[in-house]
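Summary of the model geometry
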Amino acid sequence: MAEKKATTKKAATETKEAVAKKSTTTKKAAAVKVEKAAVAVNAENIGFKAGDVYQALAAAEKALTVKEIAKAAKISEEETLLGLGWLFKEGKLQSAEDNKIVLA
């Protein structure tokens, strides 16, 4: 009978440890989900984003804001800005009124 009590106490202790470990793991997983996805900053990736921006502006056939371009191209605003910088450097864009951008 004494062995049974010891086993029960041991099982209860292991269960408490498992619950504590699960709680900690859940908190860590939640913290990871909160972080924003990082934008890969390299010439190849930025070149692709510039292509996305160019295609969105060409399809719209009018001046768009950064937010509108990001939505049309289905990329983040940060990626949109990287692509815009690339295209401005190549001389393919010009600024329009009201902070809008149009193809040159």
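Quantities reported herein were computed from a predicted structural model and do not represent experimental measurements.

**A short note on the overall build of the chain**
- A tally of helices and strands in the chain yields 4 helices and 2 strands.
- Going from the N terminus to the C terminus, the chain shows its helices and strands as α-α-α-α-β-β.
- Going through the 104 residues of the chain one by one, you find that 19% of them count as buried.
- Looking at the chain alone, contacts between residues at least 24 apart form 51% of all its contacts between residues at least 6 apart.

**Concerning helix 4 (residues 77-89)**
- The terminal C-alpha atoms of helix 4, which comprises 13 residues, lie 18 Å apart, in line with the 18 Å expected from a rise of 1.5 Å per residue.
- Three or more residues of helix 4 are buried, namely Glu-79, Thr-80, Gly-83, Leu-84 and Leu-87. When helix 4 is viewed along its axis, its buried side chains cluster within an angular range of 140° and face the same direction.
- Structurally, helix 4 contributes buried residues whose contacts are with helix 2 (43-60), helix 3 (66-73), strand 1 (93-96) and strand 2 (100-103).
- Immediately downstream of helix 4, the backbone of Gly-91 shows phi near 80°, a positive value.

**As for unusual backbone geometry**
- The phi torsion at Glu-61 lies on the positive side, around 55°, for a residue other than glycine.
- When its relative accessible area of 72% is taken as the criterion, Glu-61 is described as exposed.
- For Asn-99, which is not glycine, the phi torsion reads 55° and is therefore positive.
- Among the secondary structure elements, Asn-99 is positioned in the loop between strand 1 and strand 2.
- By relative accessible area, Asn-99 is classed as exposed at 71%.

**Points about the packing of aromatic side chains**
- In this structure the tally under the stated criterion is 0 aromatic pairs.
- Directly above the ring of Tyr-54 sits Lys-92, whose terminal nitrogen or CZ lies 5.9 Å from the centroid.

About the cut-offs
- Residues numbered from 1 in each chain as written.
- Predicted model: local features only at pLDDT ≥ 70, side-chain atom pairs only at ≥ 80, totals over all residues.
- Heavy atoms only, no water.
- Helix = DSSP H or I, 4+ residues; strand = E, 2+ residues; numbered from the N terminus.
- Buried < 20%, exposed > 50% of the residue type's maximum accessible area, 1.4 Å probe, protein only.
- Contact = heavy atoms within 4.5 Å.
- Expected span 1.5 Å × (residues − 1).
- Arc of directions from axis to C-beta.
- Phe/Tyr/Trp six-rings, centres within 6.5 Å; stacked < 30°, edge-to-face > 60°.
- Lys NZ or Arg CZ within 6 Å of the ring centre and 35° of its normal.

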